[in-house]
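Here's the letter readout for the chains.
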Amino acid sequence: LRTVCNPFQLQDSAKIRAVSNSIAKSKRFIVLQFWIPYQKPGTVIENDALALCHPKSILVSDLVTQPLFSYGDRKLAPGYTILQAKPSPRHRWWYFPHLKSGKEGLVFCGYDSAWNSNMHPCFHSSF
């Protein structure tokens, strides 16, 4: 593991270039996403729990790229995009209700540079 960062925490161009150079030199680049409920420790999550879509239930024809204008309350510079999947009855979703804040969480792969056209990220949502 060469670099660990949140790209939205990078504030200056020197840091962005350093991370970009590190990624470019890597043979493989993986983004792991961590989802941990942020409520009072021990609180059971009953609303807005995370759901993950099984990557093998998504076809290449389901994928679309959309511009990303903000992340949370932060406005982004032009050029950011996000990969999304069009809704389909083929998609198989796993829903994770009743996770305990401060005790449980989820880890899933959001990107892997070794993926091919038959492999997709783990799409996720909260509903």
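Our structure's up above, just so we're on the same page.
Residues numbered from 1 in each chain as written. Predicted model: local features only at pLDDT ≥ 70, side-chain atom pairs only at ≥ 80, totals over all residues. Heavy atoms only, no water.

### Focus: the sheet that holds strand β9 (residues 124-126)
Strands sit in the order β7-β2-β9 across an open sheet of three strands; the sheet is antiparallel. Whereas interior strands pair on both sides, the edge strands pair on one side only; in this sheet they are β7 (93-95) and β9. Each neighbouring strand pair of the sheet contributes to a mean axis angle of 25°, computed without reference to strand direction. Pairing between strand β2 (residues 50-53) and β9: three bridges, direction antiparallel. When the sheet's bridge partners are listed, L50 is paired in β9 with S126. (Pairing = 2+ DSSP bridges. Helix = DSSP H or I, 4+ residues; strand = E, 2+ residues; numbered from the N terminus. Axes fitted to C-alpha atoms, helices over the stretch in contact; angles between N-to-C directions.)

### Description of the environment of K100
Following the sequence through the fold, K100 ends up in the loop between β7 and β8 (106-112). Between the C-alpha atoms of K100 and E46, which are 54 residues apart in sequence, the distance is 9.6 Å. Setting aside its immediate chain neighbours within four residues, K100 contacts P37, T43 and V44. (Contact = heavy atoms within 4.5 Å.)

### Considerations on the state of the cysteines
Counted according to the given criterion, the structure contains zero disulfides. Not engaged in a disulfide, the cysteine C122 finds its nearest cysteine sulfur in C53; these two sulfurs lie 7.6 Å apart. (Disulfide = S-S within 2.5 Å.)

### A closer look at the nonpolar core
Counting residues in hydrophobic clusters, the biggest one holds six residues: L50, L52, L99, L106, F108 and C122. Counting only elements with at least two residues in this core, the list comes to β2 and β8. Excluding anything up to four places from it in sequence, L52 contacts R92, W93, W94, F96, L106, F108, C122, F123 and H124. (Core = buried A, V, L, I, M, F, W, Y, C linked by side-chain atoms within 4.5 Å. Buried < 20%, exposed > 50% of the residue type's maximum accessible area, 1.4 Å probe, protein only.)

### Re a nonpolar patch on the surface
Residues I30, L32, F34, I36, Y38 and V107 make up a contiguous nonpolar surface patch of roughly 680 Å² in combined accessible area. Per element, the largest residue contribution to the nonpolar patch is three residues, and it comes from strand β1 (residues 30-35). A relative accessible area of 58% places F34 in the exposed class. (Patch = residues over 30% accessible without salt bridge, like charges linked within 9 Å, V, L, I, M, F, W, Y side chains within 5 Å. Areas by Shrake-Rupley, 256 points an atom, 1.4 Å probe, with all protein chains shown as cover. Salt bridge = Lys/Arg side-chain N within 4 Å of Asp/Glu carboxyl O.)

### Observations regarding the environment of L99
Of note, L99 is situated in the loop between β7 and β8. L99 sits in the buried class, given a relative accessible area of 10%. Separated by 57 residues in sequence, L99 and G42 have C-alpha atoms that sit 9.1 Å apart. Non-local contacts of L99, meaning those with residues more than four positions away in its chain, are made with W35, P37, T43, V44, I45, E104 and L106.

### Let's talk about the side chain of D62
In this fold, D62 is placed in the loop between β2 and β3 (63-67). In this structure D62 comes out as buried when scored by relative accessible area, which is 6%. Apart from the residues lying within four places of it in its own chain, the contact partners of D62 are S57, Q84, A85, K86, S88, R90 and H91.

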